[in-house]
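The residues making up each chain are set out below.
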Amino acid sequence: MAAFGLAACGSGSGGSTGANGKLSLDIWEGYTGVEAATFTHLVKEYEAANPGITISVLTVNNDNTLTKVQTAVAGGSPPDIAYLYGSWAPNVAQIPQVVNLTNVVKRPGVNWDDFFVGERDVATVGSKVIGIPALVDNLAVVYNKKLFAQAGLTPPGPDWTWDEFEADALKLTDAAKKQFGTAYVTPESEDSVWHWEVLLWEAGGELLTPGNKAAAFNSPAGLKTLELLRTMAVQQHSMYLDPSDSEYANLFNSGKIGMLVTGPWDLSAFPNVSYGVQVMPSFPGSSGGHQTISGPDNWVVFNNGAAHVAAAEKFTLWLTAPKQGKYSRSRPATSPPGHRSPIRRGSTRR
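A quick note: this is a predicted structure, and the numbers were derived from the prediction, not measured.

Rules behind the numbers
Residues numbered from 1 in each chain as written. Predicted model: local features only at pLDDT ≥ 70, side-chain atom pairs only at ≥ 80, totals over all residues. Heavy atoms only, no water. Salt bridge = Lys/Arg side-chain N within 4 Å of Asp/Glu carboxyl O. Helix = DSSP H or I, 4+ residues; strand = E, 2+ residues; numbered from the N terminus. Pairing = 2+ DSSP bridges. Axes fitted to C-alpha atoms, helices over the stretch in contact; angles between N-to-C directions. Buried < 20%, exposed > 50% of the residue type's maximum accessible area, 1.4 Å probe, protein only. Right-handed = clockwise from strand over helix to strand, strands pointing away. Contact = heavy atoms within 4.5 Å. Phe/Tyr/Trp six-rings, centres within 6.5 Å; stacked < 30°, edge-to-face > 60°. Parallel < 35°, antiparallel > 145°, perpendicular 65-115°, else oblique. Nonpolar A, V, L, I, M, F, W, Y, C, P; charged D, E, K, R; others polar.

Before going further, it helps to examine the pattern of salt bridges. Close approach of charged atoms allows side chains with opposite charge to pair. Going through the model one piece at a time under the given rule, you end up with three salt bridges. A salt bridge links Arg120 to Asp113; its shortest N-O distance comes to 3.6 Å. Of the charged contacts in the structure, one is a salt bridge between Arg230 and Glu227, with a shortest N-O distance of 2.9 Å. A residue pair is termed a helical-turn pair when its members lie 3 or 4 positions apart in one helix, as Arg230 and Glu227 do in helix α8 (residues 220–235) at three residues.

What the three strands build is an open sheet, ordered β11-β8-β12; its pairing is antiparallel. Strand pairing shows two members of the sheet lacking a second neighbour, β11 (259–262) and β12 (275–278), which therefore form its edges. Each strand axis lies, on average, 25° off the axis of its neighbour in the sheet, ignoring direction. Sheet analysis places strand β8 (residues 140–144) next to β11, joined by four bridges and oriented antiparallel. Counterpart to Val141 in the pairing with β11 is Val261.

With that out of the way, let us pick up the pairing of strand β3 (residues 53–59). Among the seven residues that make up β3, five are buried, leaving the element largely enclosed by the rest of the structure. The pairing of strand β2 (residues 23–29) with β3 spans seven bridges and is parallel. Its bridge partner lying in β3, Asp26 is registered against Ser56. In this view, the connection linking β2 to its parallel neighbour β3 by way of helix α1 (residues 33–49) has right-handed handedness.

What follows concerns α8. Along α8, the residues that are buried comprise Ala221, Gly222, Thr225, Leu228, Leu229, Thr231, Met232 and Ala233. Residues of α8 that are buried make contact with α6 (162–172), β9 (182–185), α7 (190–202) and β10 (239–242).

Time to look at the side chain of Thr231. By secondary structure assignment, the location of Thr231 is in helix α8. In this view, Thr231 contacts Glu166, Gln236 and His237; residues no more than four positions away in its chain are not counted.

This part covers the packing of aromatic side chains. Under the counting rule described, the total for this entry stands at 19 aromatic pairs. Relative to Trp88, the ring of Tyr85 has its centre 4.7 Å away and its plane inclined at 50°; by these criteria the two rings are tilted. With a centroid separation of 6.0 Å and 90° between ring planes, the pair formed by Trp196 and Phe217 is classed as edge-to-face. Here the residue Trp196 occupies a position in helix α7, and Phe217 occupies one in the loop between α7 and α8, the gap between them amounting to 21 residues. When its relative accessible area of 10% is taken as the criterion, Trp196 is described as buried. What links up through ring pairs into an aromatic cluster is the set Tyr31, Phe39, Tyr83 and Trp299.

Moving on, we come to the pairing of β2. On any regular strand, side chains alternate: one points to one face of the sheet, the next to the other face. The buried count for β2 comes to seven of seven residues, which makes it a mostly enclosed element. Burial along β2 is two-sided: Leu23, Leu25, Ile27 and Glu29 facing one way and Ser24, Asp26 and Trp28 facing the other are all buried. Relative to strand β4 (residues 81–85), β2 runs parallel, the two being bridged by two bridges. Residue pairing across strands places Ile27 opposite Ile81, the latter belonging to β4.

Two packed helices can be described by the angle between their axes and the distance between those axes. In the contact formed by α6 and α8, the axes pass within 11 Å of each other and the chain directions differ by 10°. One way to sum up the angle between α6 and α8 is to call them roughly parallel. The residues of α8 that touch α6, namely those facing Trp162, Phe165, Glu166 and Ala169, are Leu228, Thr231 and Met232. Partitioned by chemical class, the residues of the contact of α6 with α8 number five nonpolar, one polar and one charged.

Structure follows, in C-alpha cells:
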C-alpha cells in the first residue's frame, strides 16, 4: 500500500464501547485512491468477521500524525492504532501510552521474521518493538513496454547497467513528440535526494563517513552520479525534470516518458500503460551492485485499556498478515491528479 487519506470519520477518543455492546477501535491513517478503497474493504471485511468490533477511521495527513498523536496523548485521548513514519520510532518509543509489542510479535503465526530486516529494525527501538510494519516502499525502474518496442529496444534485464539505462533513455527520446526517455523529480525536497541516494550507493559512495561524523558524498562516486544525471538532462535532453514532483506520473501514463525510477505508490496512476518493472541498474566496475532504498512505516498501538489493546493487537496482526497484504482493488486511482503519497522518512538501503 502507498499512503495518504481515507474519507471517514473517527471520534478521536481512543475508542469506546457503545450502547450496542460493541467495542469501537479508533484508527488514524492516511490512504487515497486505490489504497483507500482497499483499506475500506479490509476494515469492512474484518468487522463482518468480528461482529463485536466496530472500526472508526480518521483521515490524517501522514506528515502531521506524530504531532496529532502527541497532542491527543497529552489530552488523554490517543487513538487505538496510528500509522506513523518509521523514522519517528525514537519519538514514538518515548510516549508512555505506546504498547510494547515485543512479546506480541513472538506469538505463533505472527512470523515476525517474514518481514524484511529493515522493517523489523525500524519497528524496534532498543529491545522494544513499538510497531508492526505497515509497508516498505522502495525504488525500481518502471518502463513502458509499447515505447520500448517502438524504439526497437529489448526490455531491461536484471543485470542491466546505468550505461544501458542512459542509452535506452536517449533512444526513447523524441523531441517532435515531446517524448522523454526518463524523468527526475526536482522539487528541492527529500524526494530528489531519496532518488539520488540509490545512485550514490550503487556507485560505491556513502552519504556520511564511518562513524557518521562528516559528509562523504562529495566524492568520485557522488560526482559520477551527478554527472550522469546532468548528461541526460542537459546534454542529451532525454530526462524530463519535474519541479512539481507530480507531473511525471501524468506524462508516463500518457505515453510521453519511457522509463521512471519510482515506487509502488505510483503504480495505480498508470492505468493506460502496459508496463514492466525491473531492478535498479548498476554501475560497471563498482562494488555497489544493484541497490534500492526502502522506507518502512509502522502501525503503532496505544494503551486505552486492556480490552482495547487486545482488540487493536488482533486487528493489526490480521491487517499485516500475508492474505490481507496481497489484497488489492482492481480499479483506477481516485485521488486528484498529481496527488501522491509522501516519501517515507527513515530510509534504509536494500
